[in-house]
Amino acid sequence: MSSETSHHKPRVAVVFGGRSSEHAISVLTAGAVLRAIDREKYDVLPIGITTDGRWALTADDPERMAIADRQLPTVAALAESTEGAVVLPVDPTNREVVYSEPGSVPKALGEVDVVFPVLHGPYGEDGTLQGLLELSGVPYVGSGVLASAVGQDKDYMKRVFTSFGLPVGPYEVIRPREWEKDPAAARRKIVDFAAEHGWPLFVKPARAGSSMGITKVDDLGGLDEAIEEARRHDPKILVESLLRGREIECGVLEFEDGPRASVPAEIPPVTAHDFYDFEAKYIDSADGIVPAPLTAEQTAKVQELAVAAFDAASCEGLVRADFFLQDNGEFVINEINTLPGFTPISMYPRMWQESGVSYPELIDRLLQAALHRSTGLR
């Protein structure tokens, strides 16, 4: 913390938007976070990152960070200037944020005590922003570089979980070099996987979220189009077999005595969609059931697995862990999300609300934990 923190309210930079395909979801999340931050306790500096990577000063106006007429918001529409840029110095002795525009004298915006990154996907949730903040010596909400990278890459995430003995469903990975060297051989690898595990398959980007680029493939005829769609988001793709069962989610939050799990939630079957895809999540807003109708034993088991996944990936702050409760009664972990959505309909805050932690309290707890955690090795 800066020397002034003891005399003044901590300054929170809420960083949102970004270069990934989840840009708009990040803006939605930022709007919800800005509404929830206690302005009596914190000063707030909203910083939006445009889709081309410019750090822009934006209006502190949560109402404009919402879906309107099924249109998603963007940082470009919120930026105070089309050219001005915010600069965070990569210098642990200086936390002075500077704003500059072409032809104008740079303007100091003051020091930042903590960053709340609400970026989803690559260039933000994947350890890249976390690395920048480590270099800058600025505390931040959420997991560090390694856990963020593991949480973004479903290939390595599953490898970590497997090494810790956590239950993972069947999957196959097609790496960029495999596809570029011999597409036919890579395709055969998927066909062989289908022969072993059966259709349908899910073909997805290995390093994207919010169900972006995912296709449910019922037979060989839809495979090529699904691969092309996944590779449009990420040159590395993941193929998973269909796990028959119920979709269960569980939140993990770091308390003073360690990580704790929330009550779990269930994502019911979505009748208008083949699966819980982007449109179902954010446009048509499928309703999750909180708490999930599970037995006491099932609830305890999924909470235990969620905390184990949090620890396995060396996470900090918060995680949403997603599971399938299979028809045989066994849980399989699908993935974790190290920066889950905080939109008004997001499951993570809803699960904690049901667990007795209100939305503003959740935000405050995350900020306080970040303020008391050092950067660097820990």
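Whatever comes next refers back to the structure up there.
Residues numbered from 1 in each chain as written. Predicted model: local features only at pLDDT ≥ 70, side-chain atom pairs only at ≥ 80, totals over all residues. Heavy atoms only, no water.

Engineer: Hey, could you run me through helix 3 (residues 128-136) in this one?
Structural biologist: Since one α-helical turn is 3.6 residues long, residues separated by three or four positions face the same way. All buried positions along helix 3 are accounted for by Leu129, Gln130, Leu133 and Ser136. Taken around the axis of helix 3, the buried residues stretch over an arc of 120 degrees, which confines them to a single face. Elements in contact with the buried residues of helix 3: strand 3 (55-57), strand 7 (114-117) and helix 4 (145-152). Phi turns positive one or two residues past the end of helix 3, at Gly137, with a value near 75 degrees. (Buried < 20%, exposed > 50% of the residue type's maximum accessible area, 1.4 Å probe, protein only. Helix = DSSP H or I, 4+ residues; strand = E, 2+ residues; numbered from the N terminus. Arc of directions from axis to C-beta. Contact = heavy atoms within 4.5 Å.)

Engineer: Is there a simple way to explain the sheet that holds strand 9 (residues 201-205) in this structure?
Structural biologist: Sheet strands pair by backbone hydrogen bonding; their relative direction is either parallel or antiparallel. Strand order across the open sheet formed by four strands is 8-11-9-10, with antiparallel pairing between neighbours. With partners counted over all chains shown, the strands left at the sheet margins are strand 8 (171-174) and strand 10 (215-217), one partner each. Adjacent strand axes in the sheet meet at a mean angle of 25 degrees, parallel and antiparallel pairs treated alike. Of the pairings in the sheet, the one linking strand 8 to strand 11 (residues 237-241) comprises four bridges and is antiparallel in character. Across the sheet, the residue bridging to Glu172 is Val239, located in strand 11. (Pairing = 2+ DSSP bridges. Axes fitted to C-alpha atoms, helices over the stretch in contact; angles between N-to-C directions.)

Engineer: Honestly, the environment of Gln298 in this entry has me stumped. Any pointers?
Structural biologist: Its place among the elements puts Gln298 in helix 10 (residues 296-312). Accessibility expressed as a relative area gives 22% for Gln298, which makes it partly exposed. The sequence separation of Gln298 and Leu223 amounts to 75 residues, and the corresponding C-alpha distance is 36 Å. When residues no more than four places from it in sequence are discounted, the contact partners of Gln298 are Leu325 and Phe331. Side-chain polar atoms of Gln298 contact the backbone nitrogen of Thr295, separated by 3.0 Å. (Polar contact = N/O pair within 3.5 Å; in protein donor to acceptor, adjacent residues only side chain to side chain.)

Engineer: Could you clarify how one ought to interpret the nonpolar core in this entry?
Structural biologist: Across soluble globular proteins, you tend to see nonpolar side chains buried next to one another. Residues Val14, Phe16, Val33, Phe116, Phe342 and Ile363 are the most contacted members of the largest nonpolar core, which totals 36 residues. Elements supplying a minimum of two residues to this core: strand 1 (11-17), helix 1 (23-36), helix 2 (75-78), strand 7, strand 12 (245-255), helix 11 (347-354) and helix 12 (359-371). Membership of the second largest hydrophobic core comes to 26 residues, among which are Val150, Val252, Ala292 and Ala312. (Core = buried A, V, L, I, M, F, W, Y, C linked by side-chain atoms within 4.5 Å.)

Engineer: Would you explain the packing of helix 1 against helix 12 in this entry?
Structural biologist: Packed helix pairs are specified by the crossing angle of their axes together with the interaxial distance, meaning the distance between the axes. As a packed pair, helix 1 and helix 12 sit with axes 9 Å apart at the nearest point and diverge in direction by 95 degrees. Taken together, the axes of helix 1 and helix 12 lie roughly perpendicular to each other. Residues Ala32, Val33 and Ala36 of helix 1 pack against Tyr359, Pro360 and Ile363 of helix 12. Looking at the contact of helix 1 with helix 12 residue by residue, the class counts come to six nonpolar, no polar and no charged. (Parallel < 35°, antiparallel > 145°, perpendicular 65-115°, else oblique. Nonpolar A, V, L, I, M, F, W, Y, C, P; charged D, E, K, R; others polar.)

Engineer: Just checking my understanding: could you explain the pattern of salt bridges for this structure?
Structural biologist: Side-chain pairs of opposite charge can arise whenever the charged atoms involved come near each other. Under the definition given, this model contains 25 salt bridges. The salt bridge partner of Glu229 is Arg232, with a shortest N-O separation of 3.0 Å. With a gap of three residues between them, Glu229 and Arg232 both fall in helix 8 (residues 223-233), about one helical turn apart. Looking at Glu229, the relative accessible area reads 24%, which means it is partly exposed. Here the residues in one salt-bridge network are Glu134, Glu254, Glu316, Arg373 and Arg378, joined through shared partners. (Salt bridge = Lys/Arg side-chain N within 4 Å of Asp/Glu carboxyl O.)

Take it as geometry only, folks, not as evidence of what the structure does.
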